[in-house]
Amino acid sequence: MQILVTGGAGYIGSHTLVALAEAGHETVVVDNLSNSNPASLTRVEELAGKKIPFYQVDLRNREGLCRVLEQHHFDACIHFAGLKAVGESTEKPWEYYENNINGTLTLLDVMRQHGCKNILFSSSATVYGEPNVIPITEACPKGRCTSPYGQTKNMLEEIMMDMQRADKDWNVVILRYFNPIGAHPSGRIGENPNGIPNNLMPFITQVAVGRRPELGIFGNDYDTPDGTCVRDFIHVMDLAQGHVAALKAIENHCGCAIYNLGTGQGYSVLQLVKTFEKVNGIHIPYCIKPRRAGDIAICYSNPSKAEKELGWIAQFGLEDMCRDAWNWQRNNPNGY
Ligand code: UD1
């Protein structure tokens, strides 16, 4: 297929580009580089062994986007682009709604004007809020998202599902990611946050490489086996393959389909830290800090729908994730 990838220079986008190339798909990237580095695309081209056309365009720039869709025919779009820092979104809600909602509305409109009505959307387990069943299936009702970032994911899911209900030519595949970590095993591409990392694994790798003195663990008094939060960590390589597999839903004219992309295994924050230390032979000093607002105790998926319908199942374990995350950071101490 010929695929438009928005946000292709970012963490999940760059890994997915490599997986798409390996599966024989052609891609074109649109990214405004607001939170990514074009060096990632050069490295993706090295790994993919081919050139990938790139346009530095903001999705809210209708004319710029139209020019891309006039120059290329697309069978589908994989839509990663968006602001994603949970904490920042509570400080700048307007900016988050404006960017994520307006960018996506413009994208959807330009797509349909150019006859492309197939989209895979990056959503998040955050839409389940405080889940009422664990492991979480796609049938679990959505909850109250604890941040404007999460609200944008929830609202965009609803917008796309409404559009699909009104126009059956659309195929909308919603992928709800759990906690992606790790990096390409080559160490050439990986997660490259700006400033102080919000997420756990980049914080751990920055402690390991000496950029931060210690990790703060947010709470050890949760109702979990060791008191720290439990998450469904998934290797970004598996997540990337999940997108390749999800293209099958589009080929099968799914209408609207929702899939959890997780491993189905929950590990605690402390288990992740201990596994990282063991696999990489590095000590990670940590201290216990108060709970972080908005965190839930336990969140992990039931990923069996994706296995049954897409034939996709995560292949990598926690040790692989820890090894590959460190391999990336060790080789790129200051990122790209
Ligand atoms: C969050 C978002 C999710 C988003 C994802 C990636 C929520 C509820 N979840 O997931 O939607 O897709 O980020 O941006 O909004 N932790 C520490 N110390 C740190 C960092 C994290 O102890 O320095 C702990 C957290 O308290 C949490 C766990 O590690 O228990 C995972 O945190 P994080 O990596 O930020 O991911 P989530 O909050 O699960």
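Residues numbered from 1 in each chain as written. Predicted model: local features only at pLDDT ≥ 70, side-chain atom pairs only at ≥ 80, totals over all residues. Heavy atoms only, no water.

Participant: How do you make sense of the side chain of asparagine 100 when you look at a structure like this?
Facilitator: Relative to the helices and strands, asparagine 100 resides in helix α5 (residues 93-113). Separated by 2.9 Å, the side chains of asparagine 100 and asparagine 99 make a polar contact. If sequence neighbours within four positions are ignored, asparagine 100 has contacts with Gly82, Leu83, Thr152 and Leu156. (Helix = DSSP H or I, 4+ residues; strand = E, 2+ residues; numbered from the N terminus. Polar contact = N/O pair within 3.5 Å; in protein donor to acceptor, adjacent residues only side chain to side chain. Contact = heavy atoms within 4.5 Å.)

Participant: It is not clear to me how the pattern of salt bridges should be interpreted in this structure. Could you clarify?
Facilitator: Where charged atoms from two side chains of opposite charge come close, those side chains can pair. All told, the structure shown has 20 salt bridges when counted by the stated rule. Residue aspartate 169 pairs with lysine 117 through a salt bridge whose shortest N-O separation is 4.0 Å. Linking aspartate 169 in the loop between α6 (148-166) and β6 (171-177) with lysine 117 in the loop between α5 and β5 (118-124), this pair joins segments that are 52 residues apart in sequence. For aspartate 169, a relative accessible area of 55% corresponds to the exposed category. Residue aspartate 221 pairs with arginine 291 through a salt bridge whose shortest N-O separation is 2.9 Å. Placement of aspartate 221 in the loop between β8 (215-218) and β9 (230-231) and of arginine 291 in the loop between β13 (286-289) and β14 (298-299) is noted, with a sequence separation of 70 residues between them. Taking the relative accessible area as the measure of exposure, aspartate 221 reaches 52% and is therefore exposed. Among the ionic contacts, a cluster of salt bridges with common partners joins Lys142, Glu157, Glu158 and Arg176. (Salt bridge = Lys/Arg side-chain N within 4 Å of Asp/Glu carboxyl O. Buried < 20%, exposed > 50% of the residue type's maximum accessible area, 1.4 Å probe, protein only.)

Participant: Looking at this structure, I do not really get the pairing of strand β11 (residues 256-261). What am I missing?
Facilitator: Side chains on a regular strand alternate between the two faces of the sheet. Extensive coverage of β11 is indicated by the burial of five of its six residues. Bridge count between β6 and β11: six bridges; the pairing is parallel. Note on β11: the bridge partner recorded for tyrosine 177 is leucine 261. (Pairing = 2+ DSSP bridges.)

Participant: Hey, could you run me through the site of the ligand in this one?
Facilitator: In the region of the ligand, 19 residues are neighbours, and Ser124, Gly216, Arg231, Arg292 and Asp295 sit closest. One nitrogen or oxygen atom from the side chain of aspartate 295 is found 2.5 Å from an oxygen atom belonging to the ligand. The set of elements that each furnish at least two residues to the shell around the ligand consists of α7 (200-208) and β8. The dominant element in the shell around the ligand, judged by the number of residues it contributes, is β8, at four residues. Residues that form the shell around the ligand fall into these classes: nine nonpolar, six polar and four charged. (Near = heavy atom within 4 Å. Nonpolar A, V, L, I, M, F, W, Y, C, P; charged D, E, K, R; others polar.)

Participant: What is the right way to look at empty space enclosed by the protein in this model?
Facilitator: Rolled over the atoms, a probe with the dimensions of a water molecule shows which regions are left empty. Counted under the stated rule, the structure contains three cavities of 30 Å³ or more. As for the largest cavity, its lining consists of Tyr11, Ile181, Gly182, Ala183, Glu191, Pro193, Met201, Pro202, Thr205, Ala325, Trp328 and Gln329. Its residues assigned to classes, the lining of the largest cavity shows eight nonpolar, three polar and one charged. As a volume, the second largest cavity reaches approximately 40 Å³. If you trace the second largest cavity, you find it lined by His15, Val18, Ala19, Glu22, His184, Met237, Ala240 and Gln241. Sorting elements by how many residues they give to the lining of the second largest cavity places helix α1 (residues 11-22) first, with four residues. For the lining of the second largest cavity, the per-class residue count stands at four nonpolar, three polar and one charged. (1 Å grid on protein atoms, 1.4 Å probe; cavity = no way out; pocket = protein on both sides within 12 Å on 5 of 7 lines; lining within 4 Å. Points joined across faces, edges and corners; volume = space filled by probe spheres on them.)

Participant: I tried to follow the sheet that holds β9 on my own but got confused; where do I start?
Facilitator: Strands in a sheet are paired, the pairing made by backbone hydrogen bonds, and the direction either parallel or antiparallel. With respect to topology, three strands assemble into an open sheet ordered β12-β9-β14, the strand pairing being mixed. The two strands at the open ends of the sheet, each matched to only one other strand, are β12 (267-268) and β14. Where β9 and β14 come together, two bridges link them in parallel fashion. Considered in β14, the bridge of valine 230 is made with isoleucine 298.

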